[in-house]
Amino acid sequence: MSESTFKESFKVAADQLVDAVKKLLHEGNVRRIVIKHDGKTVIELPMTVGVVGAVLAPMLAAVGAIAAVLTECTIEVERSEKPDA
């Protein structure tokens, strides 16, 4: 059986953006994080199995820079969902 994916989205204030992305990065079933402002994609972060340590720091720095110029944004999260056994 293959995995299916689903998307969810939520709005966050700019000062909560980095913390929200950090929390998502620690979840194991996240495939992609897309940050949007006024319906337009600002940054897309693909999550692969090998994303660890040294790769996360520049991603979080970019998210922090984006948060500095936005007031509110939407985070779209694509998650993998393993089928029930």
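All values derive from a computational prediction rather than experimental measurement.

**Considering the overall build of the chain**
- When its secondary structure is counted, the chain shows two helices and four strands.
- When the 85 residues of the chain are sorted by exposure, 32% land in the buried category.
- If you take every contact in the chain between residues at least 6 apart in sequence, the share linking residues at least 24 apart comes to 72%.
- When the accessible surface of the chain is split by element, carbon and sulfur atoms take 53% of a total near 5500 Å².

**Quick notes on the sheet that holds strand β4 (residues 72–81)**
- Spatial ordering of the open sheet is given by β1-β4-β2-β3, a layout of four strands whose pairing is antiparallel. Strands with a single pairing partner mark the edges of an open sheet, and in this sheet they are β1 (4–13) and β3 (40–46). When the angles between neighbouring strand axes are averaged without regard to direction, this sheet yields 20 degrees.
- As paired strands, strand β2 (residues 30–37) and β4 are joined by six bridges and run antiparallel to one another. Bridging across to β4, Lys36 finds its partner in Thr74.

**Describing the pattern of salt bridges**
- Under the definition given, this model contains four salt bridges.
- Note that Arg32 is salt-bridged to Glu44, the shortest N-O span being 3.2 Å. With Arg32 in strand β2 and Glu44 in strand β3, this pair connects stretches of sequence that are twelve residues apart.
- Look at Arg32 and you get partly exposed, because its relative accessible area is 30%.

Criteria and thresholds
- Residues numbered from 1 in each chain as written.
- Predicted model: local features only at pLDDT ≥ 70, side-chain atom pairs only at ≥ 80, totals over all residues.
- Heavy atoms only, no water.
- Helix = DSSP H or I, 4+ residues; strand = E, 2+ residues; numbered from the N terminus.
- Buried < 20%, exposed > 50% of the residue type's maximum accessible area, 1.4 Å probe, protein only.
- Contact = heavy atoms within 4.5 Å.
- Areas by Shrake-Rupley, 256 points an atom, 1.4 Å probe, with all protein chains shown as cover.
- Pairing = 2+ DSSP bridges.
- Axes fitted to C-alpha atoms, helices over the stretch in contact; angles between N-to-C directions.
- Salt bridge = Lys/Arg side-chain N within 4 Å of Asp/Glu carboxyl O.

Keep in mind these numbers describe shape, not what the thing actually does.
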